[in-house]
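The primary structure of each chain is shown beneath.
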Amino acid sequence: MLTALVCLLPTLATARAHSLLLTPSAPSDALHDCIASSYRGHYAGQHAYLITKGCSSSASLGLLDSGSLTPLESEDRIVWVGPSNVRPSTPSTLQDMLSAWEIIDSTASSLLSQHGEDVQTSFSHDTYEVLLDRVPSLVHATETGLFLSVPSSILPVLDTLLPPHLTPVALPSYSLPLPSSYGNRWGVPEAKAAHLANITKHLQFNTRLAAIASTISAKEILEDVRYLTGERQDSDIQSRHSFHPDYLKAFSWVRRQMGALGIECSPYLYEEGFGPGLLCSIYPETGSEDHVIISAHLDSRGSFGSLRAPGADDDGSGSAHLLAIARAISQHNVTFEHPVTLAFFTGEEQGLVMSSHFAHTLKKENVSVQLNVQADMLGYRVPGEPLQLALPATIDLPEASFLVANLSQLYAPELVVGRTAACCSDHQSFLQLGFPATQVFERNGWIADPMYHNSGDLSDREGYDAEQIKSIAKVTMATLFEVAGWQQGK
Ligand SMILES: *[C@@H]1O[C@H](CO)[C@@H](O)[C@H](O)[C@H]1NC(C)=O
Ligand SMILES: *[C@@H]1O[C@H](CO)[C@@H](O)[C@H](O)[C@H]1NC(C)=O
Ligand SMILES: *[C@@H]1O[C@H](CO)[C@@H](O)[C@H](O)[C@H]1NC(C)=O
Ligand SMILES: *[C@@H]1O[C@H](CO)[C@@H](O)[C@H](O)[C@H]1NC(C)=O
Ligand SMILES: [Zn+2]
């Protein structure tokens, strides 16, 4: 059970990595064992391996015809940084990426030299202080992204060093299954995908479900968002950056809201320096163990160089949508056949750090996951465009996205359903480990929110639309109900 898994502090006792191996070609099943077991995933056209010394000699050379092997000088975390797809620009070039690296490097270096001791106080946190003793270094650059070596002291504030159109994904501290051993499905077992497809095939409009969905209130969603951003009079939250002390105010408030609805939440601690996430679970009376996880990230990111991150859209919208679903469940006495977790992640903005840790914990404990749906950025609508629901163009299990799209037509026909290439969010952590997952997002196509990764991401502005958040909440609620086997009463 999930409650037994929380509060684990990290033991990053991985074997010492000596080199980063990158190849554009997918791994073959014939890989030498020690290389296969060092696989760390796929990053915009690059397959990454963190390989140890004993492994880096002859066996890897076969791969190197079309790849690169870069020695690592430290045991720092390797983080990929690449485009989040903000606008329909021409494809980025190696020169663009190297220019971005110059910005990151010079910002980190000037923080180190200008502020010295001040940095410790301005970044201070209840339980942790950044000691800016070293800056990140560039391990490898391609036209689709940068691989950086990031000291653990910098990781919690890495986002503040990045230009807004770049987003990080930390390479997991554990190895991932090779995609080729399962075909091209992110390693999701066939039976799990078939189960979701079967649910889609048998969907029927349910008037009781629709009646519950219709009680989701845009007004309540907006009030919750305004608490999380500090826009409400009774809230003094300045930031939900994972590393900002105010994050804990948001954490406690969400926990209280859930508690008032009769839903217990447990804090999830995973890495030094990061505010805890929250796992709010509803267990069935009988012993089913097929978990359904609906998630959002409670943390946020501000403007370049700033820890002020009110995040009304990213991801106050997804967080408030989870509260709206919890309210619908609680007020209508809904119970489930399968365990349900409403998860509030943190460390998303520094590279999916909590979700990566959590998904790995589930994997290690052999927990069965039927589905994860991550809600990240639901509230911004370009004035004049229709209400929309976007599913991932590539970073999804197709059967999961089809289910959500079909439910959208049944319960929120006002939404125009399409696809987005926006990258990246916490569902990726689940997919990489072979758990069925998808994401719901606000816009078909590119990220258009002008306040994306900006300290001005408040709800009181043109284009911020709680009606769209409400419509998408109806769809994720219906998805949860269908997959987790809902019933009313008791
Ligand atoms: C598919 O779903 C239907 C309706 O829920 C169910 O009766 C049937 O057993 C399912 N089939 C499989 C193969 O799971
Ligand atoms: C939920 O259960 C409570 C307590 O049993 C009851 O008072 C209430 O009417 C129920 N609400 C709904 C919508 O069924
Ligand atoms: C993991 O769980 C599945 C059922 O979900 C079970 O069949 C399998 O034996 C378990 N494996 C381990 C190593 O416990
Ligand atoms: C509904 O699901 C089917 C697959 O079962 C898919 O072909 C179809 O495109 C889906 N509908 C929408 C609106 O995506
Ligand atoms: Zn986000």
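Residues numbered from 1 in each chain as written. Chains lettered and ligands numbered in written order. Predicted model: local features only at pLDDT ≥ 70, side-chain atom pairs only at ≥ 80, totals over all residues. Heavy atoms only, no water.

For the protein chain, the name recorded in an unreviewed UniProt entry is Peptide hydrolase, with Cutaneotrichosporon oleaginosum as its organism. Looking at the Cofactor (unreviewed entry) heading of the UniProt record, one finds this comment for the protein chain: "Zn(2+)". (UniProt positions renumbered as here; feature names shortened; annotations may be inferred.)

Novice: Can you walk me through the sheet that holds strand S17 (residues 437–440) in this structure?
Specialist: Strand pairing within a sheet occurs via backbone hydrogen bonds; the two strands may be parallel or antiparallel. Read across the sheet, six strands follow the order S9-S10-S13-S11-S14-S17 without closing on themselves; strand pairing throughout is mixed. In this open sheet, the two strands that pair with only one neighbour each are strand S9 (265–268) and S17. Direction aside, the axes of adjacent strands within the sheet are offset by 20° on average. Across six bridges, the pairing between strand S11 (residues 290–297) and strand S14 (residues 368–375) is parallel. Across the sheet, the residue bridging to Ile 294 is Val 373, located in S14. Taken strand by strand, helix H5 (residues 190–201) contacts S11 and S14, and its axis lies near 65° from that of S14. (Pairing = 2+ DSSP bridges. Helix = DSSP H or I, 4+ residues; strand = E, 2+ residues; numbered from the N terminus. Axes fitted to C-alpha atoms, helices over the stretch in contact; angles between N-to-C directions. Contact = heavy atoms within 4.5 Å.)

Novice: Sorry if this is basic, but what is going on with the site of ligand 4 here?
Specialist: The immediate surroundings of ligand 4 are formed by Thr 200, Phe 402, Ala 405, Asn 406 and Gln 409. For ligand 4, an oxygen atom lies 2.4 Å from a polar atom in the side chain of Asn 406. The protein chains hide 54% of the 360 Å² of surface that ligand 4 would expose on its own. For the shell around ligand 4, the per-class residue count stands at two nonpolar, three polar and no charged. (Near = heavy atom within 4 Å. Polar contact = N/O pair within 3.5 Å; in protein donor to acceptor, adjacent residues only side chain to side chain. Areas by Shrake-Rupley, 256 points an atom, 1.4 Å probe, with all protein chains shown as cover. Nonpolar A, V, L, I, M, F, W, Y, C, P; charged D, E, K, R; others polar.)

Novice: What is the right way to read helix H8 (residues 247–260) from this model?
Specialist: Working note: α-helix, 3.6 residues per turn, so residues spaced by three or four point in the same direction. Compared with an ideal rise of 1.5 Å per residue, which puts 14 residues at 20 Å, H8 spans 20 Å between its outermost C-alpha atoms and is within 8% of the ideal. At its buried positions, H8 is contacted by helix H7 (218–229), S9, strand S10 (277–282), helix H9 (316–331) and strand S13 (340–345). Phi for Gly 262, located one or two positions after H8, is positive at around 85°. (Expected span 1.5 Å × (residues − 1).)

Novice: Please explain the coordination of the zinc ion (ligand 5) as it appears in this structure.
Specialist: Expected angles at a metal are 109.5 degrees for tetrahedral coordination by four donors and either 90 or 180 degrees for octahedral coordination by six donors. All of the protein donors around the zinc ion (ligand 5) are His 297 (NE2), Asp 314 (OD), Asp 376 (OD) and Asp 376 (OD); their distances to the metal are 2.0 to 2.5 Å. All donors of the zinc ion (ligand 5) come from a single chain, and their spacing in sequence reads H-x16-D-x61-D. One end of the pair, His 297, is in strand S11; the other, Asp 376, is in the loop between S14 and strand S15 (388–392), and 79 residues separate them in sequence. Residue classification places His 297 among the buried positions, given a relative accessible area of 0%. (Donors = N, O, S within 2.8 Å, 3.2 Å for Na, K, Ca; no water. Buried < 20%, exposed > 50% of the residue type's maximum accessible area, 1.4 Å probe, protein only.)

Novice: It is not clear to me how the pattern of salt bridges should be interpreted in this structure. Could you clarify?
Specialist: Pairs can form between side chains of opposite charge once their charged atoms are near each other. Within this structure, the stated rule accounts for 14 salt bridges. When the shortest N-O distance is used, the salt bridge between Lys 249 and Asp 236 registers 3.3 Å. Here Lys 249, found in helix H8, pairs with Asp 236, found in the loop between H7 and H8; they are 13 residues apart in sequence, far enough to count as distant. Classification of Lys 249 by relative accessible area gives partly exposed; the value is 33%. The structure contains a network of salt bridges with shared partners spanning Glu 220, Asp 224 and Arg 327. (Salt bridge = Lys/Arg side-chain N within 4 Å of Asp/Glu carboxyl O.)

Novice: Is there a simple way to think about the packing of aromatic side chains in this case?
Specialist: How two aromatic rings sit relative to each other is given by the distance of their centres and the angle of their planes. In this structure the tally under the stated criterion is 15 aromatic pairs. Relative to Phe 435, the ring of Phe 430 has its centre 6.3 Å away and its plane inclined at 55°; by these criteria the two rings are tilted. Overall, Phe 430 belongs to the buried group, its relative accessible area being 0%. The rings of Tyr 268, Tyr 270, Phe 274, Phe 345, Phe 358, Phe 430 and Phe 435 are connected pair by pair, giving a single aromatic cluster. We note Lys 363 situated over the ring of Phe 435; from NZ or CZ to the ring centre the distance is 5.5 Å. (Phe/Tyr/Trp six-rings, centres within 6.5 Å; stacked < 30°, edge-to-face > 60°. Lys NZ or Arg CZ within 6 Å of the ring centre and 35° of its normal.)

Novice: Could you clarify how one ought to interpret the nonpolar core in this entry?
Specialist: Buried together is how nonpolar side chains tend to be arranged in soluble globular proteins. In terms of nonpolar packing, the biggest core is built from 139 residues, with Leu 20, Met 258, Phe 336, Leu 480 and Phe 481 touching the most fellow members. If you tally residues by element for this core, the top one is helix H13 (residues 466–484), at 10 residues. In terms of domain composition, this core takes at least three residues from each of domain 1 (9–170) and domain 2 (182–488). If near-sequence neighbours (up to four positions away) are discounted, Phe 481 is found in contact with Leu 209, Ile 212, Ile 329, Val 334, Phe 336 and Trp 486. Listed in part, the six residues of the second largest apolar core include Met 377, Ala 422, Ile 447 and Tyr 452. (Core = buried A, V, L, I, M, F, W, Y, C linked by side-chain atoms within 4.5 Å. Domains from an automatic or database assignment.)

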